[in-house]
Amino acid sequence: MNMKVDIKKFTTSIFRDYLVLVAILALILVTMVVEPRFMSTQNMTNIFRQFGPLSLVSLGMTFVIIGGFIDLSVAGIFSLVCVVTVSLIDPIGQVPAMIVGLLVGIVCGLLNSFLLLSSGALTQAEALFITFGMSMITGAFALFITGGMVLNFSDLAGNFALFTAIGSGTVGLFPISLIIFSVALVILHFFQSKTIMGRTICLTGGNKTAARLTGLSVNGSIMMIYALSGFLTALGAINQFSRTTTASPTMGKGFETNAILAVVVGGTTLKGGKGSVLRTLMGTMLIILMSNCLNLLGVSSFMQNVTKGAILVIAIWLDNRKPL
């Protein structure tokens, strides 16, 4: 009897912990059979290049959600960083423009944390509305800077080889954008699992009052998660416009929902306090592979949105059914 119970628990644990991985393998196998182009070198390279932008934004969102908050401002920040960076390439050069773009992301993230802390908004619902407002503001600035126009690399007078390398360059078989993401993943995994601040973020998301009573810097961790989110969103934006060679003031649209989807599907709980950047990697893989497979199969964008929405609803439903 005990053996049967143990087997049942073991099976349930495997299903719960590796459901995303099973879904990824099933998706790959089905698409390989239905659409042989899926395994072509060109398609694999395309998938690897798509990893950079969404994966980086999702890594930042992971820390926000682990900390017990949410960040809808990434869409506006993403768009703002795109247009600011590209518009500065000619006046100040590639490297300074990239640095300014990254600083814009960090400053916007810190502004989010300042608004939350100064208003006493320490719940996920309050963070949702404040960051949504910030997304509208930063998105409006992006529109103001460009006048609603799309910026193209072909219109630049100066050199933009650095961004071209990020967007389409490779080291061996691996795109540079994938390498950037891989380095970020290793650093963030170490930060989360081996540093005091990384553990403080987890404890803050689990119980802010208890964390504060134990002497942990709750305010510091809130500033850190939003600064990280802003920085990684900016890095993702640079990856994106480097690949497309255009910068649009609405370029970040949809990145906030896709990032939340990747994080939640990966297994990070919306309740806060538990999660992993490694699990977010699996969630991101599922989202990118699913989009790629559906595109190859000729599924309309409307049905793709229905599919993503259904997956998000199911993931949140399952997350709420988990025992505390």
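Everything here concerns the structure above.
No experiment lies behind these values; they were computed from the predicted model shown. (Residues numbered from 1 in each chain as written. Predicted model: local features only at pLDDT ≥ 70, side-chain atom pairs only at ≥ 80, totals over all residues. Heavy atoms only, no water.)

Draft legend 1. Summary view of helix 11 (residues 218-244). Between its terminal C-alpha atoms helix 11 stretches 39 Å, which fits the 39 Å expected from 27 residues at 1.5 Å a residue. Residue S217 occupies the N-cap position of helix 11, its side-chain oxygen lying 3.1 Å from the main-chain nitrogen of G220. (Helix = DSSP H or I, 4+ residues; strand = E, 2+ residues; numbered from the N terminus. Expected span 1.5 Å × (residues − 1). Polar contact = N/O pair within 3.5 Å; in protein donor to acceptor, adjacent residues only side chain to side chain.)

Draft legend 2. Layout of the layout of surface pockets. Empty space within the second largest pocket amounts to approximately 510 Å³. Forming the walls of the second largest pocket are 18 residues, and the residues nearest its centre are Q50, F255, N258, S291 and K308. Elements that contribute at least two residues to the lining of the second largest pocket include exactly helix 3 (41-66), helix 11, helix 12 (255-266), helix 13 (277-296) and helix 14 (301-321). Of the residues assigned to the lining of the second largest pocket, the class counts are five nonpolar, ten polar and three charged. (1 Å grid on protein atoms, 1.4 Å probe; cavity = no way out; pocket = protein on both sides within 12 Å on 5 of 7 lines; lining within 4 Å. Points joined across faces, edges and corners; volume = space filled by probe spheres on them. Nonpolar A, V, L, I, M, F, W, Y, C, P; charged D, E, K, R; others polar.)

Draft legend 3. Local environment of the packing of aromatic side chains. Tallied over the entire structure, the rule returns seven aromatic pairs. Here the aromatic rings of F78 and F255 are separated by 4.2 Å at their centres, their planes lie at 20 degrees, and the arrangement is stacked. Of the two residues, F78 sits in helix 4 (residues 74-92) while F255 sits in helix 12, which places them 177 residues apart along the sequence. A relative accessible area of 0% means that F78 is categorised as buried. According to the relative accessible area criterion, F255 is buried, its value standing at 12%. In textbook terms, an aromatic cluster arises when at least three aromatic residues are bridged by ring pairs, as seen for F153, F160, F163 and F241. Stacked on the ring of F69, the Lys or Arg K208 has its end atom at 4.6 Å from the ring centre. (Phe/Tyr/Trp six-rings, centres within 6.5 Å; stacked < 30°, edge-to-face > 60°. Buried < 20%, exposed > 50% of the residue type's maximum accessible area, 1.4 Å probe, protein only. Lys NZ or Arg CZ within 6 Å of the ring centre and 35° of its normal.)

Draft legend 4. A look at the environment of A142. Relative to the helices and strands, A142 is located in helix 6 (residues 124-146). You can call A142 buried: its relative accessible area is 0%. Counting along the chain gives 59 residues from A142 to V83, while the straight-line C-alpha distance between them is 6.3 Å.

Draft legend 5. Broad picture of the side chain of Q192. In this structure, Q192 sits in helix 8 (residues 176-194). You can call Q192 buried: its relative accessible area is 9%. Reaching out from Q192, the side chain makes a polar contact with the backbone oxygen of G275 at a distance of 2.8 Å. Sequence-distant contacts of Q192, that is, excluding residues within four places in its chain, are made with F63, I66, G198, R199, C202, G275, S276 and V277. (Contact = heavy atoms within 4.5 Å.)

Draft legend 6. Fine view of the packing of helix 5 (residues 94-119) against helix 7 (residues 161-168). The geometry of helix 5 relative to helix 7 is characterised by a closest axis approach of 9 Å and an angle of 60 degrees between their N-to-C directions. The orientation of helix 5 relative to helix 7 falls into the category oblique. Where helix 5 abuts helix 7, its residues Q94, V95 and M98 lie against A161, L162, F163 and I166. Grouping the constituent residues of the contact of helix 5 with helix 7 by class yields six nonpolar, one polar and no charged. (Axes fitted to C-alpha atoms, helices over the stretch in contact; angles between N-to-C directions. Parallel < 35°, antiparallel > 145°, perpendicular 65-115°, else oblique.)

Draft legend 7. Broad picture of the environment of L25. Mapped onto the elements, L25 comes out in helix 2 (residues 19-34). When its relative accessible area of 48% is taken as the criterion, L25 is described as partly exposed. Along the backbone, L25 and L286 are 261 residues apart, and their C-alpha atoms lie at a distance of 9.3 Å.

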